[in-house]
Amino acid sequence: MNNIIKRYYKWPTRINEINKNNSHLVGKEVKVKGWVRNIRNQKSVSFVEINDGSSVKGLQIVGDKDSFSKLKYGSSIEINGRLISSLGNTDKNAVEVQLTEPYKLIGQCPDEFPLQPKNHSFEFLREIAHIRSRGNSIGALLRVRNESTQLIHRYFNENGFINVHTPIITASDCEGGGEQFQVKSSLDTKDALFFGQPSYLTVSGQLEAEIYASSHSRVYTFGPTFRAEKSNTTRHLSEFWMIEPEMSFIDLNDNLDIAEDFLKYLISNLLKNSKDDIEFFNKRIDTNLLSRLEKTLSSKFVRLEYKDAISLLQNNGHSNIKWGDDIQREHEKFITSHFGDIPVFVINWPKSIKPFYMRENDQSQSLNDSNSMATVSNMDLLVPTVGELIGGSIREERYDKLLNTINQLGMDKEQYSWYLDLRKYGTVPHGGFGLGFERFLQYVTGLQNIRDVIPIPRYQNYCKF
Ligand code: 4AD
């Protein structure tokens, strides 16, 4: 801290640095800049709380009776003062700043500022998406999002993965759902498209990541993905971020082990590195958050065959579901609560409802022998409160099998010839998964609506600024 104060003397000191158990720095001069969060004018003394976004805890500034009489909530100011022990604080290490010169107003904030020092509803905050980051919840979210991003790269780096930047514009439809945004260019004409063929915003970086898993063994991509779904729910965005590791020489059990280890690594490190923010969410958003996260860390995730999931549902009042159906949100809720609110991998789903690239289980492994009952080597991870958090699979590495599926589905074989080539030249068993970053952030913050865990959301009928 001493060094930080010295080194950045010309810069303002970040408030989180000041708040870090710094009672030994009492007496030091500091310069701080931030936005006013609270003003209290008392008889002989006045207080202002400012925040610069570095921490959920603001910094209290103490001045004389009239020091802040003209100051308005939301304004930006510069403070020059001396660190003193915070008398009114139960934490004996807490410090605050005693003004040594009048504050400097940087930007005035008029009375019509839409945020006030109170808890606003998330619906209201979404209407002012350009201002909402000044509040505590979105402020804390951005720090947790940032910390998670660093941890994701760290995990893969520590485990020998190589990062691949897969393209955002693609000609493939990885998930085969046709839920793509087509790319148009100003140079397109009726007869000639810019790329000479239709192109789209990617729904997943997986297919391109497979190219590099076929040469570098262990790779991952972490980027924005786009889906033109009509899913106006608290779990769907049109633009969301996905983390997709792709690994050669693995089987389904390896894939499950890695997904579980990865998730636990992120959560356990967030509980340490983002302690204040997660505690804030536990207090303000969901009082079961911490216990749920700790339970996730201490439990072995359940591994449940799809066919057993269907029987479980049928035997527990969900008589409308049958083998071959997708598992709906209400079913996901039942399954996770049935296992005591711990994450559940549902594995080996029917081939008929899954994308073309998933590896068909061998008949000996598959419990069903007719083709229509074929299953694939895949997994969905269901977690309490959020539902499906991860989707992944072993990929079909056998050329003939893959070609057969491509033909059966009526896909353009030429379009996927490069993908078939990966199976022609030195094919290997391989697989991976996609973790929806925003759903992960919902899980670790307790925030209920996915639109509140991304800095600037994109969803149907909403593409403001
Ligand atoms: O299950 P999905 O569609 O899997 C894939 O895209 C694979 N290609 C991934 C892979 O194997 N490399 O999506 C993966 C995850 C889901 O489990 C969910 O968490 C998230 O992405 N997701 C969404 N998140 C927000 N909004 C949407 N519209 C989402 N669709 C999927």
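Scroll up a little and you will see the structure.
So, how was this worked out
Residues numbered from 1 in each chain as written. Predicted model: local features only at pLDDT ≥ 70, side-chain atom pairs only at ≥ 80, totals over all residues. Heavy atoms only, no water. Near = heavy atom within 4 Å. Polar contact = N/O pair within 3.5 Å; in protein donor to acceptor, adjacent residues only side chain to side chain. Areas by Shrake-Rupley, 256 points an atom, 1.4 Å probe, with all protein chains shown as cover. 1 Å grid on protein atoms, 1.4 Å probe; cavity = no way out; pocket = protein on both sides within 12 Å on 5 of 7 lines; lining within 4 Å. Sits in = over half its atoms within 2 Å of the grid points. Helix = DSSP H or I, 4+ residues; strand = E, 2+ residues; numbered from the N terminus. Nonpolar A, V, L, I, M, F, W, Y, C, P; charged D, E, K, R; others polar. Core = buried A, V, L, I, M, F, W, Y, C linked by side-chain atoms within 4.5 Å. Buried < 20%, exposed > 50% of the residue type's maximum accessible area, 1.4 Å probe, protein only. Contact = heavy atoms within 4.5 Å. Arc of directions from axis to C-beta. Salt bridge = Lys/Arg side-chain N within 4 Å of Asp/Glu carboxyl O. Points joined across faces, edges and corners; volume = space filled by probe spheres on them. Axes fitted to C-alpha atoms, helices over the stretch in contact; angles between N-to-C directions. Parallel < 35°, antiparallel > 145°, perpendicular 65-115°, else oblique. Left-handed = near helix turned anticlockwise from the far one by under 90°.

(A) Fine view of the site of the ligand. Inspection of the region around the ligand gives 25 residues, with Glu175, Gln206, Glu229, Glu244 and Glu388 positioned closest. Take Glu388: an N or O atom from its side chain is 2.5 Å from an oxygen atom of the ligand. Surface burial for the ligand is 94%, taken as the share of its 630 Å² of free accessible area covered by protein chains. Comparing atom positions with the cavity grids shows the ligand to sit within the second largest pocket. Elements represented by at least two residues in the shell around the ligand include exactly strand E11 (239–248), strand E15 (387–394) and strand E16 (430–436). Counting residues per element, the shell around the ligand draws most heavily on E15, which supplies five residues. For the shell around the ligand, a count of residues per class yields nine nonpolar, eight polar and eight charged.

(B) Seen up close, the nonpolar core. Residues Phe262, Met379, Leu435 and Phe440 are the most contacted members of the largest nonpolar core, which totals 65 residues. Broken down by element, the residue count for this core peaks at ten residues, all from helix H6 (residues 252–273). Those residues within four positions of Phe440 in sequence are excluded, and the remaining contacts are Ser148, Leu263, Leu266, Ile267, Leu270, Leu389 and Leu435. If you look at the next biggest cluster of nonpolar residues, it comprises 19 residues, including Phe68, Leu71, Leu83 and Val95.

(C) The environment of Ser298, seen in detail. As for its position among the elements, Ser298 is in helix H8 (residues 289–298). Placed 34 residues apart in sequence, Ser298 and Lys264 show a C-alpha to C-alpha distance of 9.0 Å.

(D) Structural view of unusual backbone geometry. Even without being a glycine, Asp341 presents a positive backbone phi close to 60 degrees. Relative to the helices and strands, Asp341 resides in the loop between helix H10 (329–338) and strand E13 (344–347). Despite not being glycine, Phe465 shows a phi value in the positive range, around 35 degrees.

(E) Here's a closer look at H8. Within the sequence span of H8, burial applies to Leu289, Arg292, Leu293 and Thr296. Looking down the long axis of H8, one finds its buried residues gathered within 95 degrees of arc, a one-sided arrangement. Buried residues belonging to H8 abut H6, helix H7 (275–284) and helix H13 (437–445).

(F) Examining the environment of Arg134 more closely. Along the chain, Arg134 falls in the loop between helix H3 (122–127) and helix H4 (136–158). By relative accessible area, Arg134 is classed as partly exposed at 31%. Placed 98 residues apart in sequence, Arg134 and Val36 show a C-alpha to C-alpha distance of 9.9 Å. Apart from residues lying up to four places away in sequence, Arg134 is in contact with Trp35, Arg37, Gly74, Phe113 and Leu115.

(G) Focus on the pattern of salt bridges. Counted according to the given criterion, the structure contains 35 salt bridges. Close ionic contact of Glu17 with Lys20 constitutes a salt bridge, the shortest N to O distance being 3.3 Å. Given the relative accessible area of 17%, Glu17 is considered buried. Bridged by salt links that share partners, the residues Lys31, Lys33, Glu78, Glu101 and Lys104 form one connected network.

(H) How the structure looks around the layout of surface pockets. Size it by volume and the second largest pocket reaches roughly 1,100 Å³. Those elements that provide at least two residues to the lining of the second largest pocket are E11, H10, strand E14 (378–383), E15, E16 and H13. A per-element tally of the lining of the second largest pocket places E15 first, with six residues.

(I) Here's a closer look at the packing of helix H5 (residues 206–216) against helix H12 (residues 417–424). Following both chains from N to C, one finds H5 and H12 inclined at 30 degrees, their axes separated by 11 Å at the closest point. Our classification of the angle between H5 and H12 gives roughly parallel. Crossing handedness for the pair H5 and H12: left-handed. Judged by residue contacts, Gln206, Leu207, Glu208, Glu210, Ile211 and Ser214 of H5 engage Trp418, Tyr419, Leu422 and Arg423 from H12.

(J) Up close: the side chain of Arg359. Summarising the element assignment, Arg359 is placed in the loop between E13 and E14. One polar contact links Arg359 to Glu397, side chain to side chain, over a distance of 2.9 Å. In this view, Arg359 contacts Thr375, Val376, Ser377, Ile394, Arg395, Glu396, Glu397 and Arg398; residues no more than four positions away in its chain are not counted.

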